[in-house]
4 protein chains.
Amino acid sequence: MYYLNNTVKELKIAYIGGGSRGWAWNLMSDLALEPDLSGTVYLYDINYESAEQNAIIGNDISYHYPEYNNFEYIAAKTPEEALKDADFVVISILPGTFDEMESDVHTPEKYGIYQAVGDTVGLGGLVRALRTLPIFEDYARMIKELCPKAWVINYTNPMTVCTDILYKTFPEIRAVGCCHEVFGTQLVLADALNEIAGIKVYNYDDIKVDVTGINHFTWLTAATYKNIDVFPIYREFCEKYKDCGHGREKSKQNWMNRYFKCDQRVKIDLFLRYGYIAAAGDRHLAEFCPASWYMKDPETVDRWGFSLTPVSWRRDRAKELAARGARMVKREERFNISSSGELGVAQMKALLGLKDLVTNVNIPNRGQIPNLPLGAVVETNAYFTSGSVTPMFAGNMPASILGLTERIVVNQQMIVEAVQKKNLSIAFEAFINDPQNTLDMLTSRKLFDEMLNNTKAYLSVYGL
Amino acid sequence: MYYLNNTVKELKIAYIGGGSRGWAWNLMSDLALEPDLSGTVYLYDINYESAEQNAIIGNDISYHYPEYNNFEYIAAKTPEEALKDADFVVISILPGTFDEMESDVHTPEKYGIYQAVGDTVGLGGLVRALRTLPIFEDYARMIKELCPKAWVINYTNPMTVCTDILYKTFPEIRAVGCCHEVFGTQLVLADALNEIAGIKVYNYDDIKVDVTGINHFTWLTAATYKNIDVFPIYREFCEKYKDCGHGREKSKQNWMNRYFKCDQRVKIDLFLRYGYIAAAGDRHLAEFCPASWYMKDPETVDRWGFSLTPVSWRRDRAKELAARGARMVKREERFNISSSGELGVAQMKALLGLKDLVTNVNIPNRGQIPNLPLGAVVETNAYFTSGSVTPMFAGNMPASILGLTERIVVNQQMIVEAVQKKNLSIAFEAFINDPQNTLDMLTSRKLFDEMLNNTKAYLSVYGL
Amino acid sequence: MYYLNNTVKELKIAYIGGGSRGWAWNLMSDLALEPDLSGTVYLYDINYESAEQNAIIGNDISYHYPEYNNFEYIAAKTPEEALKDADFVVISILPGTFDEMESDVHTPEKYGIYQAVGDTVGLGGLVRALRTLPIFEDYARMIKELCPKAWVINYTNPMTVCTDILYKTFPEIRAVGCCHEVFGTQLVLADALNEIAGIKVYNYDDIKVDVTGINHFTWLTAATYKNIDVFPIYREFCEKYKDCGHGREKSKQNWMNRYFKCDQRVKIDLFLRYGYIAAAGDRHLAEFCPASWYMKDPETVDRWGFSLTPVSWRRDRAKELAARGARMVKREERFNISSSGELGVAQMKALLGLKDLVTNVNIPNRGQIPNLPLGAVVETNAYFTSGSVTPMFAGNMPASILGLTERIVVNQQMIVEAVQKKNLSIAFEAFINDPQNTLDMLTSRKLFDEMLNNTKAYLSVYGL
Amino acid sequence: MYYLNNTVKELKIAYIGGGSRGWAWNLMSDLALEPDLSGTVYLYDINYESAEQNAIIGNDISYHYPEYNNFEYIAAKTPEEALKDADFVVISILPGTFDEMESDVHTPEKYGIYQAVGDTVGLGGLVRALRTLPIFEDYARMIKELCPKAWVINYTNPMTVCTDILYKTFPEIRAVGCCHEVFGTQLVLADALNEIAGIKVYNYDDIKVDVTGINHFTWLTAATYKNIDVFPIYREFCEKYKDCGHGREKSKQNWMNRYFKCDQRVKIDLFLRYGYIAAAGDRHLAEFCPASWYMKDPETVDRWGFSLTPVSWRRDRAKELAARGARMVKREERFNISSSGELGVAQMKALLGLKDLVTNVNIPNRGQIPNLPLGAVVETNAYFTSGSVTPMFAGNMPASILGLTERIVVNQQMIVEAVQKKNLSIAFEAFINDPQNTLDMLTSRKLFDEMLNNTKAYLSVYGL
């Protein structure tokens, strides 16, 4: 890597999970659009073939778009090849297969526990964490060895605990967990400004927000648009849509949204309860609240206007993307170049000193939220600049939302501890303490054992 | 008040709620047994007659027991008469009548919400707080005016928020909230030492405990008896009794216990969940946990071996005590002198510099539990000595129990704020945020309005 | 005020101390250069004539430079006229006259205590604070009354305590204290990069620094330039120049610098002591350290390569500026338009939502430096955006520099308390506790009384 | 060890530095007087002969006083023999010889730096720490190995950093640092109560004090005697004696006091400066303040009514005690049994669960003083009971005394770090940062090197 005027050349980016067809394509597109950066992206995937496909697709970008030839793509045979001396490491992996995810999401249904996503918190999120975090421990150790100064950008869920264990394993790691859910909420605020106050927002980024909380249960404690306080406007918006929901029509437009339906009713209900803006999709938000509120049963979920995404849908979606990948490899379909809305590349530029950036990010709490535990990974705004990510001081989380949040945070800490110690008793302690878990200890144990058994192919580190 | 050798003479004690037949009699008995203190007790009660009765009973102590003639009792006509230049103020009042308590405890049952006690947290505790705290604000102001240096000992529930609002109203007040629930847990530990390890404990006080938490949801994070760690022994005890409960026989012995039944199964379950000893009766503990755990319905309660105390029982009990009081006034029955087990008088001695005392107490958090909000009233051990009550440093509450506790603490802070501002919207915010509340906002509003309406005779300060 | 596309029209700026010939001219120049803002500047000064002069000069800008006609200038007869509904308030005042400053700076010399500036800390800074802070209390009250939502930009020294008392008097005030000393240090770092590593920095702003501390005793705990860690380079620079100093030639160039001489030897010595970069001029830095280090006597000062600025110089300088002002009023001299390097106007733009800004600023510590007292005004980086200034989380100040800093911070807190309570005993407590004060209590009292007496014309609020 | 009724039998106490003639004799006397404890004391000393002498003296106690035969004394050949399975470990050692102490105390005098004691802080305390702490690291490791559950009572200076490094080396150690200086201050307060208010205190322990700070720079923030606030009385006392000092006659009574003279003038001056009671002897207190205050030169010291204890006096004193030891071994002199005033044995009883104790003690700051750094060893009151030492919550140290204290604390942290890393550069950083050090860096380096060279026989771990 070296600087030439205000550009950086010969960057080495390691992409772990480089065979992915969502995140990897987004990054490839964003990198192509970034004239100030150039270099090589090493794609590593446990499925080498898919990484190889992506390398072909990536290298074909300059074939389809000769003006975008700044990056070369290489499918790495080993993670070491990808990581060695990397300047940036991007991690977006799927731990296990859809079969394991099937168990995570749907096994609890037999016990009357429903999950909208099942990859973040709740019982499914917990078991997914048990599978995923040991892999992150390995990567943390490799990064320490092979590229200790690299910036690590994690997109993998469960975001909070994945990022946490990177730091627990290699405390000097320079890692951030990135998530776009807050941006989605800025769009809702733009809608509110438009519908309630007749203010047309051309750039959702101009809605400035104070962010606090944890990933997928993030809260906006302030929002302004050109000196206008958005809160009173949003309150009116919430009162207007609290029963019917907002955006129903939009979300019916295509079959995909059937499983990602979100009428903002959970978000609105939480605002009316607490006076702060919950900044994630309803499917995520509901999983952080007591089960009785929004997810007692499928009827309740339906009444609240969101949906429980079935794993079957994910399987179908994956097949479709695989087919598309195959077509692109054969040049039957052209890779689509457009800004993904993700900030990974903008973050890289900022960290290289080319253009400062303020955005929300997941990093350990060093005191930016004084009343959440130190060391827990939290999501706040942060300032990305040459060589550093510095959190904004978010201040104490407001009392009313602290109670719900703290219950999750302590569970996440127990999960990380369980993985570090490879101790399933601690994991079970977290399992029975999860707000979504309405079962007694005996039944909890039965479900826990069943979920572990279903996914044991990926849990050998625990001695299963 | 003056010192003579190591005794104190001419103490003035103001007893607010001085017509009470439980706490007042206990104090009268304990004072009689304390040779180092003498003086006058002013009994004030909104029911003057009952205070007068107690004055007669108190002054008759020396008739029945000539050796115990250290205190004179006066029924005060006004609170000002009682408080003026008092050295100590004891507060144990019942806000409203049993009719209001009937509504607090039983109205939510119509909506499927059950309460074992209903005077501390939960929906009943909240409405009780709305009635009680304005009275405490008045007393805080009178104390500031009439006896600002007095030590105030509060026995009234809801303990935490009553004590809190005393400090919020008059920050220099020297008040403590006292509760005997922890002592009861020391007895359970003594049983465990005896049954599991064959160790006979003669003095439950010799079981030294580290106390942290909030009133009625207090936790022991360490317990030793003569250098023996009680925790492993208690774990064995819990494993042994987790299904059948402990003390069932004892609790069946009389009809009274039918409504105070406690097989320790909640306490045991919480230990097995979290690894710390919950130090209150099961009826209290259950009210702090998610409703689905122990109080989903009466059958669940029964299965967990405790009971929902009906207000009808309290009415009967009150009548019985009233009759007993009447008999004592007529000298048909002798007042019974025996140590009550309460520490109020021992605390007075300590504060006067006669004998230091370490015990658990409820005072505002100045940092003794760093990870609970500053200013919130918490329960920890404290050192009572000449002129001061200093909390022990309890340290951070362990993560696993912090989650549940913080949810309650933030609610208590909102309740106190609601009362200070006489703002029922904030009270409703707390109402919907209560872990016992499984209703949606609309139904919550209905229940809230109904409960307020039932008790509105005592809620005029809120403009009802 | 209203928005038109991405510009703001009809801004009202109140300038307190609007007759000043330094800060006011800077602001007028920067405003002229800012095409996105327009409106009116109200200049208020206790010397009305000087405000009137500046208004003439300001309005003449469009005469000399027709392209810069965005702001109108009005000399306000009362502070109320200036403040009423202002969008921004700028404060740069001189409390008292040069006679008082003469006493502040030079009276202690009779007792062997020397001061390089005497306006920030030390004995002179303290007495200056006693004069200045009551004026700031008045302004805080007027702002609360007349423009509570205005952003207040303070340039007045002693910066820390002036800003502090604004918040103490009107806690909701939106005030920041601004100072350019850190920028000067970035220039030194640019020199180091150039001289030691051959790296030419074109924009000192590209040297990204982590800022922590208090005004004029600010520290850089990290500095990077395009991913290059500046610290090892600066260490080499310090080793090279520790004896001879850096920039001696430059500073000899003109007579003015004779009194502002700064060979960076104090800055270098502090780096070699503590390993962190002190980010203010040596004359300021020396005043925060024990007297024995750099200011034992004039010879020591000279040896360290800086100078004690005499007040006589300030008198001369003021006369010169006054003459220049008079010439400009008569259009004998043209007002010079050039960017001042101050960030006031950039901050205004950011707060209006036009362009985000990250820079260092003085605001109360809400936890951005956890190991300095909460509420004390500290200097860290902050993010200026639409409607908010949010401090970066600076983290704990490193242990080694915490000791020196804390001694000053506690003194500043005592000074503010002394002013709030109009209590000269507390002021004296701070006086004897100042690190520059090497006298015993009796002699301290004599000097204190003498300094107060010399300046008593401006101390009547204390009953003098 | 086992319990019999309320006594403990077969205790094993390891005494490191068991040949000492001060602390060891005190402990032997106190143990003899304690009927509830019995067992064996293993005396280990690098000078085996002196340990053997003490064993003879100890075992002879029952010869001279047949009623006191509860403890047997054994001179241990190795520390391992003493420590193996010990219940208590007492450490009171002298690192190096008087030659090293001679250098610590008197070498800085050549450079104009005077020290009254030279064993705690300042330049002498620092070099003494460099000698002592590596020995404590060794003992911490042995204790971890041989008696991890033992309670460790440290009497060795520099107390704070010795205790600190025990915890840094073996974080689970159960160690306390004990010091009697606070008791001495209670005697001064008793004098004040008597002389000013005519109140005769029979038991200095009845003066209840709130203690905060660090060893030998401890402060009383409250003091009451039977509900009487001692502060106003002490203020009168201070005003009365501020010039002439108190106790001058007493301190002249014998030659020994010539070198321990203390007229309380420093203590009084600090009270008049800060309003809090400094609770250590003046010789210690002066060493924590800027040199210019009380120790600029021997004349200043004399004027403040205390003395600089020369090491020659310590040599003479040691010889005298050695001679006395020899006489006792030969039964020419009888060992004197009387309560020493030290609390070591009372602490043991409390920790064994026999009798609770509240007293001041040095342990790491876990938050008991929130505004001092976590982990730093601080001195506050603590509650000794069965199996635990729990600090009282002391609260934030008052601002005025925080500044001086923090400067020392950060230096102590650097010293501990220097020892842990065996890094003399860090030690030098602390050396130049010491408030007693008025030299510039070059001269400081010369003195530092000289002091290290003088004591290098004991500094080989640093590679000297």
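Numbers given for residues are sequential positions, taken from 1 along each chain in its written order. Written order determines the labels here, with chains lettered from A and ligands numbered from 1. In view of the model being predicted, local features appear only for residues whose pLDDT reaches at least 70, and side-chain atom pairs are presented and counted only at 80 or more, with totals across whole chains, interfaces and linings using the full set of residues. Computation of side-chain values: all heavy atoms of the structure, hydrogens and water removed.

S.K.: Where do I start with the overall build of chain A in this structure?
M.R.: Helix and strand counts for chain A stand at 20 helices and 14 strands. As a reference, a globule follows 2.2 Å times the number of residues to the power 0.38, and the radius of gyration itself is taken over C-alpha atoms. Here the C-alpha atoms of chain A give a radius of gyration of 22 Å, agreeing with the 23 Å that 2.2 N^0.38 yields for 464 residues. With the principal axes as the frame, chain A shows a C-alpha extent of 60 × 55 × 45 Å. For chain A, restricting intrachain contacts to residue pairs at least 6 apart in sequence, the fraction spanning at least 24 positions comes to 72%. Only the protein chains shown count as cover for residues, and the accessible areas themselves come from Shrake-Rupley with a 1.4 Å probe. Carbon and sulfur atoms provide 49% of the accessible area of chain A, an area that totals close to 16600 Å². Neither His nor the chain termini are counted; the positive set is Lys and Arg, and the negative set is Asp and Glu. To locate a charge, take NZ of a lysine, CZ of an arginine, CG of an aspartate or CD of a glutamate. For chain A, the separation between the mean place of its 48 positive charges and that of its 57 negative charges on side chains is 2 Å. Going along the chain from the N terminus, every DSSP run of H or I of four or more residues is numbered as a helix, and every run of E of two or more is numbered as a strand. Any two residues having at least one pair of non-hydrogen atoms within 4.5 Å are treated as being in contact.

S.K.: Mind showing me how you'd approach the interface of chain C and chain D here?
M.R.: Interface size is commonly expressed as the accessible surface area that is lost when the partners come together. Contact with chain C, which involves 24 residues of that partner, is made by 24 residues of chain D. Note: buried area is the sum, over both parts, of the accessible area (probe 1.4 Å) each one loses when the two are combined. Taking both partners together, chain C and chain D bury about 2200 Å²; carbon and sulfur atoms supply 58% of that area. Should a side-chain nitrogen of Lys or Arg be within 4 Å of a carboxyl oxygen of Asp or Glu, the pair is scored as a salt bridge. At the boundary of chain C and chain D, one finds zero salt bridges. As used in this structure description, the phrase polar contact means that two N or O atoms lie within 3.5 Å; if the pair is within protein, one of them must be able to donate a hydrogen and the other to accept it, and residues adjacent in sequence are counted only when both atoms belong to side chains. Inspection of the chain C/chain D interface yields four residue pairs in polar contact (both at pLDDT 80 or more). Counting residues per element, the ones that place at least two in the side of chain C that touches chain D are α12 (265–274), α14 (291–294), α18 (399–420) and α19 (424–433) of chain C. Under the scheme applied, nonpolar residues are Ala, Val, Leu, Ile, Met, Phe, Trp, Tyr, Cys and Pro; charged residues are Asp, Glu, Lys and Arg; polar residues are all the others, including Gly. Residue composition of the side of chain C that touches chain D, grouped by class: twelve nonpolar, seven polar and five charged.

S.K.: Help me understand the pattern of salt bridges in this model?
M.R.: For side chains bearing opposite charge, pairing can occur when the charged atoms are close. Scanning all chains against the criterion turns up 80 salt bridges over all chains. Among the salt bridges present, the one from Glu333 of chain A reaches Arg327 of chain A, with a minimum N-O distance of 2.9 Å. The residue Lys330 of chain C makes a salt bridge to Glu332 of chain C at a minimum N-O spacing of 3.8 Å. When sorted by exposure, Lys330 of chain C lands in the same class as Glu332 of chain C, which is exposed. Each of Glu34, Asp36 and Lys349 of chain A takes part in a single network of salt bridges with overlapping partners. Buried, partly exposed and exposed residues are distinguished by accessible area as a fraction of the type maximum, computed with a 1.4 Å probe on protein chains only: under 20%, between the cut-offs, and over 50%, respectively.

S.K.: Got a minute to help me understand the relation of the copies chain C and chain A in this structure?
M.R.: Applying a rotation about an axis and a shift along it to one chain copy brings it onto the other copy. Alignment of the copies relies on least squares applied to C-alpha atoms, considering only residues that score at least 70 for pLDDT in both. The two copies are related by a screw motion: chain C maps onto chain A through a turn of 180° and a shift of 0.0 Å along the axis, at an RMSD of 0.0 Å. Classification of the inter-copy transformation places it as that of a two-fold axis. Take the interface residues of chain C: 100% of them recur as interface residues in chain A, which is what a same-surface contact looks like.

S.K.: Got a minute to help me understand the relation of the copies chain C and chain D in this structure?
M.R.: Of the two same-sequence chains, chain C is brought onto chain D (RMSD 0.0 Å, axial shift 0.1 Å) by a rotation of 180°. Of all interface residues in chain C, 100% are interface residues in chain D too; the two copies therefore contact each other through one and the same surface.

S.K.: Honestly, the interface of chain C and chain A in this entry has me stumped. Any pointers?
M.R.: Tallying the contact residues gives 25 residues for chain C and 25 residues for chain A. Looking at the side of chain C facing chain A, the largest losses of area belong to Lys226, Asn227 and Phe393 of chain C, adding up to 31% of the total buried there. Taken together, the links from chain C to chain A amount to two salt bridges. The tally of links between chain C and chain A comes to 14 residue pairs in polar contact (both at pLDDT 80 or more). Put simply, the parts of the chain that give the side of chain C that touches chain A at least two residues each are β8 (207–214), β9 (217–225), β13 (377–385) and β14 (388–391) of chain C. Classifying every residue of the side of chain C that touches chain A gives ten nonpolar, ten polar and five charged.

S.K.: Please clarify how the packing of aromatic side chains should be interpreted in this entry.
M.R.: Within a pair of aromatic rings, the relevant descriptors are the distance that separates the centres and the angle that separates the planes. Pairing of aromatic rings covers Phe, Tyr and Trp, the last through its six-membered ring, and needs centres within 6.5 Å; plane angles under 30 degrees mean stacked, over 60 mean edge-to-face, and all others mean tilted. What the rule picks out here adds up to 62 aromatic pairs over all chains. A ring pair is formed by Trp23 of chain C and Tyr155 of chain C, whose centres lie 4.6 Å apart and whose planes are at 10°; its orientation type is stacked. You can see Trp23 of chain C sitting in helix α1 (residues 23–32) and its partner Tyr155 of chain C sitting in the loop between β6 (151–154) and α7 (159–169), a full 132 residues away along the chain. Measuring from centroid to centroid gives 6.0 Å for Tyr65 of chain D and Tyr68 of chain D, while their planes differ by 35°, and the two rings are tilted. For Tyr65 of chain D, a relative accessible area of 10% translates into the label buried. What makes Tyr68 of chain D partly exposed here is its relative accessible area of 23%. Lying across the ring of Phe428 of chain A, Arg445 of chain A places its NZ or CZ 4.0 Å from the centre. Positioned above the aromatic ring of Tyr63 of chain D, the side-chain terminus of Arg331 of chain D is 3.4 Å from the ring centre. Note on criteria: charge over ring means Lys NZ or Arg CZ within 6 Å of the ring centre, with the direction from the centre no more than 35 degrees off the ring normal.

S.K.: I keep staring at the packing of helix α5 (residues 98–106) of chain A against helix α16 (residues 311–329) of chain A and nothing clicks. Help me out?
M.R.: Describing two packed helices takes the angle between their axes plus the distance from one axis to the other. All names here are of chain A. To obtain an axis, a line is fitted to C-alpha atoms, over the contacting stretch when the element is a helix, and the angle between two such axes runs from 0 to 180 degrees between their N-to-C directions. Taken N-terminus to C-terminus, the directions of α5 and α16 make an angle of 155°; their axes are 9 Å apart at the nearest point. One way to sum up the angle between α5 and α16 is to call them roughly antiparallel. Handedness of the crossing formed by α5 with α16: right-handed. In contact with Phe98, Asp99, Met101, Glu102, Val105 and His106 of α5, α16 contributes Val311, Arg314, Arg315 and Ala318. Looking at side-chain class alone, the contact of α5 with α16 contains five nonpolar, one polar and four charged residues. Oblique is the label for any angle not covered by the other classes, which are roughly parallel (under 35 degrees), roughly antiparallel (over 145) and roughly perpendicular (65 to 115). In this scheme, a crossing is called left-handed if the near helix is turned counterclockwise away from the far one by less than a right angle; it is called right-handed if the turn is clockwise.

S.K.: In this structure, what is going on with helix α20 (residues 441–454) of chain B? I would like to understand it.
M.R.: Along an α-helix, residues three or four apart share an orientation, since each turn contains 3.6 residues. All names here are of chain B. Expected span of a helix: the number of residues minus one, times 1.5 Å. With 14 residues, α20 ought to run about 20 Å at 1.5 Å a step, and its terminal C-alpha atoms sit 20 Å apart, in line with that. Those residues of α20 not exposed but buried are Met441, Ser444, Leu447, Phe448, Met451 and Leu452. Seen from one end, α20 has its buried residues packed into an arc of 135°, which puts them on one side. What points out from α20, more than 90 degrees from its buried face, is the exposed set Leu442 and Lys446. Comment: arc refers to directions from the helix axis out to C-beta atoms.

S.K.: Honestly, the confidence of the model for chain A in this entry has me stumped. Any pointers?
M.R.: The predicted structure's coordinates, where accompanied by low pLDDT, should not be read in detail. Across the chain, each position has a pLDDT score giving the predictor's confidence in that residue, from 0 to 100. The predicted model of chain A averages 94 in pLDDT, with 97% of residues at 70 or higher. Here the predicted complex carries an ipTM of 0.92, next to a pTM of 0.94.

S.K.: In this structure, what is going on with the environment of Gly463 of chain D? I would like to understand it.
M.R.: For Gly463 of chain D, the position within the fold is in the segment after α20 (441–454). In this structure the C-alpha to C-alpha distance between Gly463 of chain D and Leu424 of chain D, which are 39 residues apart in sequence, comes to 9.5 Å.

S.K.: Please explain the pairing of strand β5 (residues 88–91) of chain B as it appears in this structure.
M.R.: On any regular strand, side chains alternate: one points to one face of the sheet, the next to the other face. Residues and elements named next belong to chain B. Side-chain alternation along β5 places Phe88 and Val90 on one buried face and Val89 and Ile91 on a second face that is also buried. If DSSP finds at least two bridges between two strands, the strands pair. As defined by bridge partners, strand β2 (residues 7–16) adjoins β5 across four bridges and the pair is classed as parallel. What sits directly across from Ile13, in β5, is Phe88. Pairing of β5 with strand β6 (residues 151–154) involves four bridges; the strand directions are parallel. Pairing of Val90 across the sheet is with Ile153, part of β6.

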